[in-house]
2 protein chains.
Amino acid sequence: MHVNPHLLRTFVAVLDQRSFSAAASVLGYTQSAVSQHIAALEADLSTRLIERRPVAPTPAGARLLEHAPALLLLLDAARADITRLRHTHPTRLTLAHAPAALGPAVARALAQLRTTTHPLDLEVRVLGRDAVIENVLTGGADIGLVDGAAAPSDPLPLPNLGPTTTLAAAEETLAVLFPRDHPLAGRGSVRLIDLTQAQWIDAPDTAIPLDRLRAVCRADGFHPRVRHRGTDLHGLAALAAAGHGLAALPLPLAATLPGIAAVPVAAPRLVHRTELIHPANPTEAARRFADLVTDRQVPDRPQDIVR
Amino acid sequence: MHVNPHLLRTFVAVLDQRSFSAAASVLGYTQSAVSQHIAALEADLSTRLIERRPVAPTPAGARLLEHAPALLLLLDAARADITRLRHTHPTRLTLAHAPAALGPAVARALAQLRTTTHPLDLEVRVLGRDAVIENVLTGGADIGLVDGAAAPSDPLPLPNLGPTTTLAAAEETLAVLFPRDHPLAGRGSVRLIDLTQAQWIDAPDTAIPLDRLRAVCRADGFHPRVRHRGTDLHGLAALAAAGHGLAALPLPLAATLPGIAAVPVAAPRLVHRTELIHPANPTEAARRFADLVTDRQVPDRPQDIVR
DNA sequence: TCACGTGCATCAGTGTTGCTTATGCACGGT
DNA sequence: ACCGTGCATAAGCAACACTGATGCACGTGA
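What comes next concerns the included structure. Fair warning: this is a prediction, and the values are worked out from it, not measured in the lab.

**Brief notes about the overall build of chain A**
No. 1: Scanning chain A from terminus to terminus reveals 10 helices and 13 strands.
No. 2: A total of 307 residues make up chain A; the buried ones form 51% of that total.
No. 3: Nonlocal contacts in chain A, meaning residues at least 24 apart in sequence, comprise 76% of its contacts between residues at least 6 apart.
No. 4: Counting only carbon and sulfur atoms, one obtains 53% of the accessible surface of chain A, whose full area is about 13300 Å².
No. 5: Positive and negative side-chain charges of chain A, numbering 30 and 29 respectively, have mean locations separated by a distance of 1 Å.

Here is the structure:
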């Protein structure tokens, strides 16, 4: 049998759990079945994929492990795309968003949606960027909001997995978070290139990821001093206020954070951009919400980007 | 059994062939098996996917058909990535490139490779952009060259399928192809925005695709008068010279085409960019070739872009 | 209108696959 | 050196995925 998603799932599980038997119980199989799955994969590719005792990927296994999540995601996305055609609730909307992506403009559009959709059954879910996209693709959410830094009116470089539609929801000034007593805190603006050697907090789920800053500045640096996972903006702000490092967030949001001096980024010319992402065949409520978000942006209505 | 690549393959084949029995003979199955495959898929997703007599996708089937090629490609890419770890021939290099992507800079790098690699077993394959990427991913080629239009030193927006490494190979002036007797043929430069309403040839395999021009100009227009498929540059030039429409190509190349007045594009600020693409784990020869291409670009060595 | 042909669906039969349980075996810890 | 943990292997069995034969619906032509 040729590389079969089933086998891939157990492959990933085994390496996740670092154990054949643990993977078996997670997947509801016997240990023997898992052993046979891995053996089948290895026979198919005629390479050893997993080193046992300790359980770890071989070089070939590492390559496969790089492909597997995308494959499994795509499979789920295809399935979700089809089931969405049948189960579409006109008043139910599940919105997944990255922490800094739900700004005033989007919130107003949500309020507007509530006025037009009488019993609006809204569920909001705060996730990291990747998880937002994953939720939208696999049907966990009807619509998603992701944010990032980009040149004005440039699209965000989102991973392109499956047919989704992306459209600009908001663009705000980008700001760097300084502690109030920082020498640069009183400045009217800063240049990012002057901060490449500063200490940063790498908070990829909350603030602009540091590798993104490196990319837009075309510069090295931005070395993390603290790595901050999770979607807690105030925790991040507390760290930044206490001088653990810098982080980049949209100015309107950053200005409200306690203990923080938010200084706009002057160069390179960047904005904090929020994009709304939904499947190519959105649910009824998602479509209406997307219309509201874009309608309020006339006259300079951003163009839909079909990836 | 849950959505299984095997079933997806027959699904795609059935819609390709518009016939169950034709798909069966193509795949080496009996018609009965194909029928059962489709029935299994439809049962799994509990939706009708294909309308019979005539054989055509239902809306749900159309959605699945949108996902299926990417899935099957990713599967092949994963397999190719792993087999590449074992079968790596140090003197064998298969290069796939889009027609306008093999410019003087790359050709010189190839010549240089020949001096360092004694019996160089080189195979060159000219393909459309998508096919180049597909070949690189599935192991059909060790390395690929794709071209496109972008702002200077901006990366090309390539579909992101699987782990590949992309690096800039060349940037040349972009030119529009006019017939020699065209009123604008004598101009020193043109602005693309002035040509949105002109008649264009849509030659996505050869010249810059028109939807790309629309995207970089942020403008509508660029309506095709002729659609030209295939990788024949001189055929395209003949059409352009005869006044069938305009096309965009790199200036050094366009200047050599018979009957053509190649006029540089002045605005928006664009270049014809060539990128070299190879798998995250390249073969020996591919790695050496990539090194040559980038080394000759010192001092302004472009940065690697890992997608 | 009806008979016929084409082409997908369905059925029964069979070899193969993919599980389970039971047992073997190798390595690591004490 | 022993034992315990954890993956590999073997045997058995149920479910599956094919083939070949047949059924049936629709489209076609006189």
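**Description of the relation of the copies chain A and chain B**
No. 1: Rotating chain A by 180° and moving it 0.1 Å along the rotation axis overlays it on chain B with an RMSD of 0.1 Å. The transformation just described matches what one would write down for a two-fold rotation axis. By C-alpha distance to the rotation axis, the residue of chain A lying nearest is Asn160(A), at 3.0 Å.
No. 2: Counting the interface residues of chain A, we find that 100% of their copies in chain B are interface residues as well, pointing to one common contact surface.

**Observations regarding the interface of chain A and chain B**
No. 1: In this complex, chain A contributes 37 residues to the contact, which on the side of chain B involves 37 residues.
No. 2: Both sides together, the interface formed by chain A and chain B hides about 3300 Å², and carbon and sulfur atoms give 60% of it.
No. 3: The interface formed by chain A and chain B holds 6 salt bridges in total.
No. 4: Counting every contact that joins chain A to chain B gives 12 residue pairs in polar contact (both at pLDDT 80 or more).
No. 5: Considering each element in turn, the side of chain A that touches chain B owes the most residues, 17 residues, to helix 4 (residues 59-86) of chain A.
No. 6: Its residues assigned to classes, the side of chain A that touches chain B comprises 19 nonpolar, 9 polar and 9 charged.

Each value, and the rule that gives it
- Residues numbered from 1 in each chain as written.
- Chains lettered and ligands numbered in written order.
- Predicted model: local features only at pLDDT ≥ 70, side-chain atom pairs only at ≥ 80, totals over all residues.
- Heavy atoms only, no water.
- Helix = DSSP H or I, 4+ residues; strand = E, 2+ residues; numbered from the N terminus.
- Buried < 20%, exposed > 50% of the residue type's maximum accessible area, 1.4 Å probe, protein only.
- Contact = heavy atoms within 4.5 Å.
- Areas by Shrake-Rupley, 256 points an atom, 1.4 Å probe, with all protein chains shown as cover.
- Lys, Arg positive; Asp, Glu negative; His and termini not counted.
- Charge placed at Lys NZ, Arg CZ, Asp CG, Glu CD.
- Least-squares fit on C-alpha atoms with pLDDT ≥ 70 in both.
- Buried area = accessible area lost by both parts, 1.4 Å probe.
- Salt bridge = Lys/Arg side-chain N within 4 Å of Asp/Glu carboxyl O.
- Polar contact = N/O pair within 3.5 Å; in protein donor to acceptor, adjacent residues only side chain to side chain.
- Nonpolar A, V, L, I, M, F, W, Y, C, P; charged D, E, K, R; others polar.

Everything listed is a geometric property; what it means functionally is a separate question.
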